[in-house]
Every structure is written in C-alpha cells, then in structure tokens.
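If you want the building blocks of each chain, they are given just below.
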Amino acid sequence: MIVTDPIADFLTRIRNAQQAGHKVVEIPSSNEKKALTEILYTNGYILKYKFDDEVGHNGVIKIALKYDLATRKPIIRKLERISRPGLRQYRKANELPKVINGLGIAIISTSKGIMTDKQAREEHIGGEVLCYIY
C-alpha cells in the first residue's frame, strides 16, 4: 500500500488505536514520524515509544498510548492535520497559530527541523504547519 500523506497516516493510526482502546500502536517508521513521536512524548501526550529498526523495510515505531486513569479516556483529545499535500499551510514566525490559547500544540516543520509552535516562536522561524494536537 502506497501512502501519499505519511503524516496523516501517522495521526490516523493513533486516532484509530485510541478509539479502539489499544494500549500500543505500531506505525511504519520514517525520520519525520520519529520527530513527531518525540514531540508527542516530550509534551506528555504518550507514555513511551520504541523505534524498532529490525522489522520491515524502514522499521516500525511502537507507541504506548496514554489514557486518563479516572475516566479511561485518551489524553490526546484531537489530532488535526492542517497542511496537506493538496494545500500546504506556511506561516511566518509572528503568524504561528496558538492552539486553544496555548493549551494544545501545533507541530511546525521548519528549516531547523520539526518542532512545536512554542519552540519555533522562541527561535523566530516560521515553516509549514503540520498539525494541531490537544
């Protein structure tokens, strides 16, 4: 199966696994997806992750999903793809979006790598707005 939008596939796999109540989700690996996974982990949206380069062509990323202990609901409420192959969304450093007044994160692909909107603002660089997570 050829995936035309690997980031949308990444987000959809996490979304589907959460709806099904899975504890772990496996996603085909790429450097872009590894960077997205690390951002999710550092911002507390997932429990842990493991890059397994032995499996398949490029390897897989195993992500342990995080749920609220009391309500059993997923910590990630929404994963929303913003820039897509048919319509790229670029923003300057001073135009970067704030997701729910800073409660969520926007993931930006910049010339210095993939980072959150907060990091991009601090470094005064714009880029492509990949997705919103909250």
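Everything below is about the structure printed above this text.
This structure is a prediction, so every number in the text was calculated from the model and none was measured.

Draft legend 1. Region of interest: the overall build of the protein chain. Scanning the protein chain from N- to C-terminus turns up three helices and eight strands. Reading the secondary structure of the protein chain in the N-to-C direction produces α-β-α-β-β-β-β-β-β-α-β. In terms of overall dimensions, the protein chain is globule-like: its C-alpha atoms have a radius of gyration of 15 Å, near the 14 Å expected for 134 residues. Its C-alpha atoms give the protein chain principal-axis dimensions of about 40 × 40 × 25 Å. Counting only residues that meet the buried cut, the protein chain has 40% of its 134 residues in that class. Working note: accessible area of the protein chain is about 8100 Å², and carbon and sulfur atoms make up 49% of it. Measuring between centres, the 22 positive side-chain charges of the protein chain sit 6 Å from its 15 negative side-chain charges.

Draft legend 2. The pairing of strand S1 (residues 24-28), seen in detail. With burial as the criterion, only one face of S1 is covered, namely that bearing Val25 and Ile27; the residues Val24, Glu26 and Pro28 on the opposite face remain uncovered. Pairing between S1 and strand S3 (residues 60-65): five bridges, direction antiparallel. Within S3, the position partnered with Glu26 by the bridge is Lys62.

Draft legend 3. The arrangement of the environment of Val55 in detail. The topology assignment puts Val55 in the loop between strand S2 (46-52) and S3. The exposure class of Val55 is partly exposed, given its relative accessible area of 37%.

Draft legend 4. Broad picture of the packing of aromatic side chains. For the structure on display, the rule yields two aromatic pairs. Their ring planes at 75 degrees and their centres at 5.3 Å tell us that Tyr41 and Tyr49 sit as a pair that is edge-to-face. On the basis of relative accessibility, which here comes to 40%, the residue Tyr41 falls in the partly exposed class. Residue classification places Tyr49 among the partly exposed positions, given a relative accessible area of 28%. For the ring pair Tyr49 and Phe51, a centre distance of 5.0 Å and an interplane angle of 45 degrees mean the geometry is tilted. We note Lys34 situated over the ring of Phe51; from NZ or CZ to the ring centre the distance is 5.2 Å.

Conventions used here
- Residues numbered from 1 in each chain as written.
- Predicted model: local features only at pLDDT ≥ 70, side-chain atom pairs only at ≥ 80, totals over all residues.
- Heavy atoms only, no water.
- Helix = DSSP H or I, 4+ residues; strand = E, 2+ residues; numbered from the N terminus.
- Rg over C-alpha atoms; globule rule 2.2 N^0.38 Å.
- Buried < 20%, exposed > 50% of the residue type's maximum accessible area, 1.4 Å probe, protein only.
- Areas by Shrake-Rupley, 256 points an atom, 1.4 Å probe, with all protein chains shown as cover.
- Lys, Arg positive; Asp, Glu negative; His and termini not counted.
- Charge placed at Lys NZ, Arg CZ, Asp CG, Glu CD.
- Pairing = 2+ DSSP bridges.
- Phe/Tyr/Trp six-rings, centres within 6.5 Å; stacked < 30°, edge-to-face > 60°.
- Lys NZ or Arg CZ within 6 Å of the ring centre and 35° of its normal.

Taken by themselves, the reported measurements are silent on function.
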